[in-house]
Amino acid sequence: MSRTTTDLLYLVTIVTFILALRFLSSPKRARQGNLLGAAGMALAIAVTLLQEGLENFVWIGIAMAIGAVIGVVGARSVKMTAMPQMVALFNGVGGGAVALIALAEFHNLTPLPGELSAEESITILLSALIGSISFSGSLVAFAKLQELLSGRPIVYPGQQFVNAGVLLTALVLGGLIVAGAEGDLFVVALIVAALAFGVLFVLPIGGADMPVVISLLNAFTGVAASAAGFLLHNDVLIVAGALVGASGTLLTLMMGRAMNRSIGNVLFGAFGSVQAGAGPAALEDGRSVRATTAEDLAIMLGYARKVVFVPGYGLAVAQAQHDVRAVAEQLEAKGVDVLYGIHPVAGRMPGHMNVLLAEANVPYDQLKEMDEINPELPQTDVVVVLGANDVVNPAARSDPGSPIYGMPIIDVDRAATVVVVKRSLSPGFAGIDNPLFYEPKTSMLFADAKKALEDVGAALKTL
Amino acid sequence: MNETLVFELTILVLAIFLGIEVISKVPTMLHTPLMSGTNAIHGIVLVGAILVAGRAGADTLTLVVGFFAVVLGTANVVGGFVVTDRMLEMFKQRRPRKTE
């Protein structure tokens, strides 16, 4: 296949990618869009394999078979609740692929003395650096979400200096490569330093901030793919990488805005480590909480006119999305108005709660975003907070000393009564004490969200 | 700076603006599939990996590195699209809820 034909067919692929993203503007056509994107991807791969002068088909075939098995098995077997870590993992492997491409290209180009242009060396540097950071950073994010590592920020004295030192080392190595240093070891060392930086950079970021990290690393892989496109003079890589980079950056900024925190604060603030332990201390100062039972909650809900569920990460952990829908349906059968209040950063991925509730077949029109649900809350009889914490913390509104002061929240404390379903009084991932729990109108149901909802469902049947 | 580079930079800048334009129309509800979908799209690096692994006269190091790049790239593409499809399957059209 000639270069012109190849490039024209790549253009078709670019169009399918743009349409795939365009179709994501409504749930109706989103799935078709994704299939279209997949078809475009298949076309690009086929076109590449048919390119003139390509060799080593056996190697490529075996590698693709292995990769495909990993991809299908991983993607098919993962539970919906484990999606954030799966997305992190697939993001990482893409970054890793780019770093390896950079290494192979450098190795290929350097035996020719003086032929490595500034353009080539800079794109090799960028692909290796960003790809590696994305790879190791995503693996750490995966480990944190999978709870192989603590979700709490991991901090130690002088951390910023160590991180800066490692990044500087990587950049100096990159500088040497651009300055003309030859030898694969330089690129290998650059990749190692960048991998180390990726790990160190994500370790101090708390579990609650993972949505921001994952979308940032997603942008990183996009940028790395674009850099690889410059390296290989391949337009489809440049465009696809740019689309992903723009998307990831935009999502990162949107989430920062939703939390009213700068991206710098999210990434370098080691958020949630400062106040660790504030929960028990607050208990000792004499405030008390009121505990309730599933039976009482069932009665409260059964006789309410309007109920709002506010889900958070706890719902995902407990995999209680089907149970909440079941309870909601029982309530609707009794003529209770049921809505869900979704905070933009609830969960571990942007829009995480929407996916979970969609899995449980909750009708879209019951899902209300923060701005839509807040005006409804003063007329709401009962709010049930399911495993959410920081996104309903009134300290964000009232306490200028709180680390989350200024973050827009769901104003559950404006409803007539609030029931918080939570496993214990411990503060959430962000480690911030929540005054909501001590309010007179609040009662706590100490249980796993799934167990609690099952019990409520059973009690509702006998009502 | 040669002509190719200028041309590629032009494409890059236009693609970034196009990306921002298209993505800002995606509703919050679909942000998770968006992330997963763009994740699948950057699997396009597989094309680069194949080009590197399949280059004529590649030595052992290139072959081995290229081999692993193709494995990772394929896992990215296949995993990315399958996960996204599984998510979007849940957003299928439902009959509107009956009003009480």
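Quick caveat: nothing in here was measured; it's all calculated off a predicted structure.

Draft legend 1. A look at the overall build of chain B. When its secondary structure is counted, chain B shows four helices and zero strands. For chain B, the sequential pattern of α-helices and β-strands runs α-α-α-α. Across its three principal axes, chain B shows a C-alpha extent of roughly 70 × 35 × 15 Å. Burial status across chain B gives 56% buried among its 100 residues.

Draft legend 2. Seen up close, the overall build of chain A. Looking only at helices and strands, one finds 18 helices and six strands in chain A. Taking 2.2 N^0.38 as the reference for a compact globule, 463 residues should give roughly 23 Å; the C-alpha atoms of chain A span a radius of gyration of 25 Å, in line with that estimate. With respect to the principal axes defined by its C-alpha atoms, chain A has extents near 80 × 50 × 35 Å. Per-residue burial over chain A gives 54% buried out of 463 residues. Of the contacts made within chain A by residues no fewer than 6 positions apart, 80% connect residues no fewer than 24 positions apart.

Draft legend 3. Just the interface of chain B and chain A, in detail. Opposite the 80 residues of chain B that make contact, chain A presents 98 residues. Elements with a contribution of two residues or more to the side of chain B that touches chain A: helix 1 (3-23), helix 2 (31-41), helix 3 (45-53) and helix 4 (60-89) of chain B. Considering each element in turn, the side of chain B that touches chain A owes the most residues, 28 residues, to helix 4 of chain B. Counted by class, the side of chain B that touches chain A contains 48 nonpolar, 23 polar and nine charged residues.

Draft legend 4. Geometry of the confidence of the model for chain A. Summing up the model confidence of chain A, the mean pLDDT is 87 and the portion of residues at 70 or higher is 94%. Scored below 50 in pLDDT, residues 274-284 of chain A shows 18 contacts in the model against residues more than four places distant or in partner chains.

Draft legend 5. Spatial organisation of the sheet that holds strand 3 (residues 367-369) of chain A. All names here are of chain A. If you walk across this open sheet you meet the six strands as 3-2-1-4-5-6, and the pairing is parallel. Single-partner strands in this sheet number two, and they are strand 3 and strand 6 (442-446). Ignoring which end each strand starts from, the neighbouring axes of this sheet average 25° apart. With five bridges connecting them, strand 1 (residues 306-311) and strand 4 (residues 382-386) associate as parallel partners. Looking at the pairing, Phe 309 lines up with Val 384 of strand 4.

Draft legend 6. Here's a closer look at helix 5 (residues 118-145) of chain A. Residue and element names in this part refer to chain A. Here helix 5 contains 28 residues, and its C-alpha end-to-end distance of 40 Å stays within 8% of the 40 Å for a straight helix at 1.5 Å per residue. Of all 28 residues in helix 5, 23 are buried, a share of seventy percent or more. Note on helix 5: the residue one or two positions beyond its end, Glu 147, has a positive phi of about 65°.

Draft legend 7. Quick peek at the packing of helix 9 (residues 235-258) of chain A against helix 2 of chain B. Here helix 9 of chain A crosses helix 2 of chain B at 150°, and the two axes come no closer than 9 Å. Looking at the two axes, helix 9 of chain A sits roughly antiparallel to helix 2 of chain B. Relative to helix 2 of chain B, the crossing made by helix 9 of chain A is left-handed. Facing Ala 240, Leu 243, Val 244, Ser 247, Gly 248 and Leu 251 of chain A of helix 9 of chain A, the residues of helix 2 of chain B in contact are His 31, Leu 34, Met 35, Thr 38 and Ile 41 of chain B.

Draft legend 8. Expanded view of the environment of Leu 200 of chain A. All names here are of chain A. Along the chain, Leu 200 falls in helix 7 (residues 184-202). Each C-alpha atom, one on Leu 200 and one on Gly 137, is 8.1 Å from the other, the two residues being 63 residues apart in sequence. The residues contacting Leu 200, other than those within four sequence positions of it, are Val 162, Asn 163 and Val 166.

Draft legend 9. How the structure looks around the environment of Pro 400 of chain A. Along the chain, the position of Pro 400 of chain A falls in the loop between helix 17 (395-398) and strand 5 (417-422). Here the alpha-carbon distance between Pro 400 of chain A and Asp 337 of chain A, two residues 63 residues apart in the chain, equals 35 Å.

Draft legend 10. A look at the environment of Ala 49 of chain B. Locating Ala 49 of chain B in the fold gives a position in helix 3. Apart from the residues within four sequence positions on either side, Ala 49 of chain B is in contact with Ala 97 and Ile 101 of chain A together with Gly 66, Ala 69, Val 70 and Gly 73 of chain B.

Draft legend 11. Main features of helix 4 of chain B. Taking 1.5 Å as the rise per residue, helix 4 of chain B with 30 residues should run 44 Å; its terminal C-alpha atoms sit 43 Å apart, in good agreement. When you tally the buried positions in helix 4 of chain B, you get 22 out of 30 residues, the bulk of the element.

Draft legend 12. View of unusual backbone geometry. Residue and element names in this part refer to chain A. One non-glycine residue with positive phi stands out, namely Asn 56, at about 60°. Secondary-structure assignment places Asn 56 in the loop between helix 2 (27-49) and helix 3 (57-77). You can call Asn 56 partly exposed: it has 19 C-beta atoms within 10 Å. Even without a glycine there, the phi angle at Glu 147 is positive, about 65°. On the secondary structure map, Glu 147 appears in the loop between helix 5 and helix 6 (159-178). The class of Glu 147 is exposed, set by 11 C-beta atoms lying within 10 Å.

Draft legend 13. The packing of helix 5 of chain A against helix 7 of chain A, seen in detail. Residue and element names in this part refer to chain A. Orientation of helix 5 relative to helix 7, taken along the N-to-C sense of each, is 35°, at an axis distance of 7 Å. Two packed elements cross with a definite hand, and for helix 5 against helix 7 that hand is right-handed. Packed against helix 5, whose contacting residues are Ile 124, Ala 128, Leu 129, Ser 132, Ile 133, Ser 134, Phe 135, Ser 136, Gly 137, Val 140 and Ala 141, the element helix 7 presents Val 187, Leu 190, Ile 191, Ala 194, Leu 195, Phe 197, Gly 198, Val 199, Phe 201 and Val 202 at the interface. In terms of residue class, the contact of helix 5 with helix 7 is built from 16 nonpolar, five polar and no charged.

Rules used in this analysis
- Residues numbered from 1 in each chain as written.
- Chains lettered and ligands numbered in written order.
- Predicted model: local features only at pLDDT ≥ 70, side-chain atom pairs only at ≥ 80, totals over all residues.
- Helix = DSSP H or I, 4+ residues; strand = E, 2+ residues; numbered from the N terminus.
- Buried ≥ 20, exposed ≤ 12 C-beta atoms within 10 Å, placed from the backbone.
- Rg over C-alpha atoms; globule rule 2.2 N^0.38 Å.
- Contact = placed C-beta atoms within 7 Å.
- Nonpolar A, V, L, I, M, F, W, Y, C, P; charged D, E, K, R; others polar.
- pLDDT = per-residue confidence, 0-100.
- Pairing = 2+ DSSP bridges.
- Axes fitted to C-alpha atoms, helices over the stretch in contact; angles between N-to-C directions.
- Expected span 1.5 Å × (residues − 1).
- Parallel < 35°, antiparallel > 145°, perpendicular 65-115°, else oblique.
- Left-handed = near helix turned anticlockwise from the far one by under 90°.

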